[in-house]
Amino acid sequence: MIIWLNGTHGAGKTTTSALVQALVPDSRVFDAEKVGETLMDIKPGLPATDNFQHWPPWRPLVVETARRVLEYTGGTLVIPMTVLVEPYWREIHDGLTAHAIPVRHVLLHADQDTLRGRIENDTVMGFSDFRMRHLELYADAYESWLREEAEVVDTTHLTPHEAARRIAGYADT
């Protein structure tokens, strides 16, 4: 199965994914951003974009990579990846379910003030204009489709360990 941790930058996906992996037996973390980084390394480069998710190959490559890893290892993949464009999410979700891979779509959510504070005070990645710009895109996606499409875990007042324990319980259902 796949536990997809969605949410904007600062929601806690990276931290939480490692904690979920430690709690769910036979699980691995798959960072789908690495697929995008591979596409960014193609020379000469692909058409210019501000987000590798806009490249049509990214979505099916994520599906195929996840499918192949699960076919090889079994178990659970924890995928921490922001996807805010509904058609992109549908393409990924439908691709995984076409291969009979169950997907638990979990949205790590926090209020806008909390997210801004986390991004501004991030001691690991540092401040990022890119991450700040996505807050409005996230708010729009949250209101228009995302909160209905995923199981929302509000991390505003949860520690990463508390969120991870809640999410790890989804692997049992």
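Residues numbered from 1 in each chain as written. Predicted model: local features only at pLDDT ≥ 70, side-chain atom pairs only at ≥ 80, totals over all residues. Heavy atoms only, no water.

Under an unreviewed UniProt entry, the name given to the protein chain is ATP-binding protein, and the source organism is Sanguibacter inulinus.

The subject of this paragraph is the pairing of strand β4 (residues 103-109). Across the 7 residues that make up β4, a large majority, 7, are buried. Across the two faces of β4 the burial is the same, with Val103, His105, Leu107 and His109 and Arg104, Val106 and Leu108 all buried. Relative to β4, strand β1 (residues 2-6) runs parallel, the two being bridged by 5 bridges. The residue bridging Trp4 from the neighbouring strand is His105, located in β4. (Buried < 20%, exposed > 50% of the residue type's maximum accessible area, 1.4 Å probe, protein only. Helix = DSSP H or I, 4+ residues; strand = E, 2+ residues; numbered from the N terminus. Pairing = 2+ DSSP bridges.)

There is about 1200 Å³ of room inside the largest pocket. Taken together, 46 residues line the largest pocket, and the ones lying closest to its centre are His9, Gly10, Lys13, Thr82 and Arg131. Elements represented by at least two residues in the lining of the largest pocket include exactly α1 (13-23), α2 (33-40), α6 (129-149) and α7 (160-168). Across the lining of the largest pocket, the residue classes break down as 19 nonpolar, 16 polar and 11 charged. (1 Å grid on protein atoms, 1.4 Å probe; cavity = no way out; pocket = protein on both sides within 12 Å on 5 of 7 lines; lining within 4 Å. Points joined across faces, edges and corners; volume = space filled by probe spheres on them. Nonpolar A, V, L, I, M, F, W, Y, C, P; charged D, E, K, R; others polar.)

Right, let's get into the environment of Leu5. Among the structural elements, Leu5 can be located in strand β1. Taking C-alpha positions, Leu5 is 18 Å from Gln112, a pair spaced 107 residues apart along the chain. When sequence neighbours within four positions are dropped, the list of residues in contact with Leu5 reads Lys13, Thr16, Ser17, Val78, Ile79, Pro80, Met81, Val106 and Ile167. (Contact = heavy atoms within 4.5 Å.)

Turning next to the sheet that holds strand β2 (residues 27-29). Spatially, β2-β3-β1-β4-β5 is the arrangement adopted by the 5 strands of the open sheet, whose pairing is parallel. Each edge of the open sheet is held by one strand with a lone partner, namely β2 and β5 (151-154). Averaged over all pairs of adjacent strands, the angle between strand axes in this sheet comes to 20 degrees, irrespective of strand direction. The pairing of β1 with strand β3 (residues 76-80) spans 4 bridges and is parallel. For Leu5, the partnering residue across the bridge sits in β3 and is Pro80. (Axes fitted to C-alpha atoms, helices over the stretch in contact; angles between N-to-C directions.)

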